[in-house]
Amino acid sequence: MIEIQNIGRQFNTRDGTFEALKDVNFAVEDKEFFSIIGPSGCGKTTLLKMVAGLIKPSSGSITVDGQPVVGPGNDRAMVFQHFVLLPWADVLTNVGFGLEMRGLSRKESREAAKPFLDRVGLTRFSEHYPHELSGGMQQRVGLARALAVGPDILLMDEPFGALDAQTRQLMQEDLMRLWDGEQKTVIFVTHSMDEAAYLSDRVLVMDTHPGTVREILDVPLPRPRDESVRRTPVFNELTAHMWHELRGMMGDPTAAAPE
Amino acid sequence: MRALKKQNKNRLLSLAGLLAGLVIWEIIGRLELSPAFPPVTAVLGAVFEVWSSPRFLDALKESLISIAIALPPSILFGVAFGLLIGRYKPVEWAFDPLVNTFLSLPLVALIPVLFLIFGLGRGSILATIIIYTFFIVVVNTAAGVRTTDHQIVEMATSFGASERQILSRVVLPSALPLMFAGIRISTGRAIRAVIIAEQVIGLIGLGGLVQRLGGAFAVEQLYAVILFVGLFGLLSMEAVSFVERRALPWILAQEETEPALQGA
């Protein structure tokens, strides 16, 4: 279980202290698919990077199975919005990169990476350079790199945010299938309501200025899910509710005022 | 294929430019405007005589030995120092002004000082090569390090990379293209430096030969030596480019790639 307790984060700016996150509290169960959604600048990526151990909170604590997070760890792996592949390394070396950072030799990590490249369906591209691949393929490499280190927890930072709509939908379905087979804990940051509802067990809606928990929604859709759930009343109600909440935060004078 | 054709076309243009230069030189030479411009055909006649003379070959050997001793460590330490300056702010603050000062100094003015320190021998020549090459490698490597994508550093950190791993697997590869540019420039400068330093001594190496031929107004022979130096510089820098293309295959691939494959 991942427990986030009383997390706060302040930045010092010219105009004084800026509160990015305030009193954030929630817990993510093992094997849960947990999404965080919120308007731009609400601190959701910052929060995810805190769980990854890349950013330290100003106050509060994060624990994984009772152990405080003090830095990156073998139990967690991250998937990035802009893929962040090594442009000078071929696909297979990229997939093995996390293993290499954990002490395997280049050769061993490339060998160990093969089944994971296979799992995302890119075996025949193993010796291509990243720039020779489409965005969707590049993100599959990013996903395979994260899976290769065998983490219990996948931290995904708007992983499909840089992809076109069709590719994005395909990637969601693939991720869904992979997750059904792997049963890992996933924290998934997104700004797409549709994506959050489709993939998640629960969705945390974040408020902004300062970033804090507005509400946590259960997604009562049966698994395994496929495309058809997008047309169910439950799905539509859920996304409509999220839209209502988010719209209220976006400062649009024509939007319904938040309660 | 298209890239290859284009390359051949560019090669042809380079050759045409060179030929045009030679033709103009020949015309000026034939006009006998000045003893400083012998016709290019006369120089080419001297080329074979000079390039095979023992005097020339001994001088060449001397100059090559100096470059071979001074250039590799200069590049090696330049790269190491450049990595430190590019990666660590305190090192940059401490040494950046010094490095930039050396880059803007007219180094020729420093050569007498080097001779005061190291005497009239190879030591001074080596020192000259080093001050001509080291700082160029340092600034280029440091600039290369600064092109490192911080997102890649963060990614590596998230997978538990140590600082040493980040240096070798992220920062160094990021710096390679500019680092090689620095090495290429410094190779050309090493040749310049060795000639200049040898000219000051006036007795050894190609620089010494240039000095003596110049003093004797043996203009054709002088041009033959200068021609050799020019060609040698060109070939050396081409050799570095060759290594560069082998070492940076992804850069080449990026230049040749048509738009990325379509589909997810």
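See the structure above.
Please read these numbers as outputs of a predicted model, since none were measured by experiment.

*Asks:* Which parts of the structure should I look at to understand the overall build of chain A?
*Replies:* Helix and strand counts for chain A stand at seven helices and ten strands. In summary, chain A has a C-alpha radius of gyration of 19 Å against a globular reference of 18 Å for 259 residues, a match within 12%. Structurally, chain A occupies a C-alpha span of about 55 × 45 × 35 Å along its principal axes. Considering only contacts in chain A between residues 6 or more positions apart, those separated by 24 or more positions represent 67%.

*Asks:* Explain the overall build of chain B here, please?
*Replies:* A count of helices and strands for chain B gives eleven helices and zero strands. Listing every helix and strand of chain B by position from the N terminus yields α-α-α-α-α-α-α-α-α-α-α. If you line up chain B on its principal axes, its C-alpha atoms span 70 × 55 × 30 Å. Sequence-distant contacts in chain B: of pairs separated by 6 or more residues, those separated by 24 or more amount to 73%.

*Asks:* Can you walk me through the environment of threonine 133 of chain B in this structure?
*Replies:* All names here are of chain B. Structurally, threonine 133 can be placed in helix α6 (residues 122–146). On the basis of neighbour count, threonine 133 is assigned to the buried category, with 27 C-beta atoms found within 10 Å. Sequence-wise, threonine 133 and glycine 182 are 49 residues apart; in three dimensions their C-alpha atoms are separated by 8.7 Å. With sequence-adjacent residues up to four places away left out, threonine 133 is seen in contact with Leu71, Ser74, Ile75, Ser186, Arg189 and Ala190.

*Asks:* Help me understand the pairing of strand β4 (residues 59–64) of chain A in this model?
*Replies:* Two faces make up the sheet, and in a regular strand the side chains alternate between them. All names here are of chain A. Where strand β1 (residues 2–13) lies against β4, five bridges are found, and the strand directions are antiparallel. What sits directly across from isoleucine 4, in β4, is isoleucine 62. When β4 meets strand β5 (residues 67–68), the two strands line up antiparallel, connected through two bridges. Among the inter-strand pairings, valine 64 is bridged to a residue of β5, identified as glutamine 67. Hairpin connection between β4 and β5: a loop of two residues separates the two successive antiparallel strands, and aspartate 65 in this loop has a positive phi of roughly 50°.

*Asks:* Would you mind showing me how to read the sheet that holds β1 of chain A here?
*Replies:* Pairing between sheet strands relies on hydrogen bonds along the backbone, with the strands arranged either parallel or antiparallel. Residue and element names in this part refer to chain A. Pairing within the open sheet is antiparallel, and its four strands lie in the order β2-β1-β4-β5. Lying at the two open borders of the sheet, with one neighbouring strand each, are β2 (16–28) and β5. In this structure, β1 lies alongside β2, joined through nine bridges in antiparallel fashion. Looking at the pairing, isoleucine 7 lines up with valine 24 of β2.

*Asks:* What is the right way to read unusual backbone geometry from this model?
*Replies:* Generally, phi is negative for residues other than glycine and the peptide bonds are trans, each holding for most cases. In the segment running from histidine 209 of chain A into proline 210 of chain A, the intervening peptide bond is cis, with an omega of -5°. Residue position: proline 210 of chain A is located in the loop between β9 (202–207) and β10 (212–218). With an omega of -5°, the peptide bond between arginine 223 of chain A and proline 224 of chain A qualifies as cis. Locating proline 224 of chain A in the fold gives a position in the loop between β10 and α7 (233–249). In this structure, glutamate 32 of chain B is a non-glycine residue whose phi angle is positive, near 50°. Mapped onto the secondary structure, glutamate 32 of chain B falls in the loop between α1 (2–30) and α2 (40–51). According to the C-beta neighbour criterion, glutamate 32 of chain B is exposed, with 10 such atoms within 10 Å.

What counts and how
- Residues numbered from 1 in each chain as written.
- Chains lettered and ligands numbered in written order.
- Predicted model: local features only at pLDDT ≥ 70, side-chain atom pairs only at ≥ 80, totals over all residues.
- Helix = DSSP H or I, 4+ residues; strand = E, 2+ residues; numbered from the N terminus.
- Rg over C-alpha atoms; globule rule 2.2 N^0.38 Å.
- Contact = placed C-beta atoms within 7 Å.
- Buried ≥ 20, exposed ≤ 12 C-beta atoms within 10 Å, placed from the backbone.
- Pairing = 2+ DSSP bridges.

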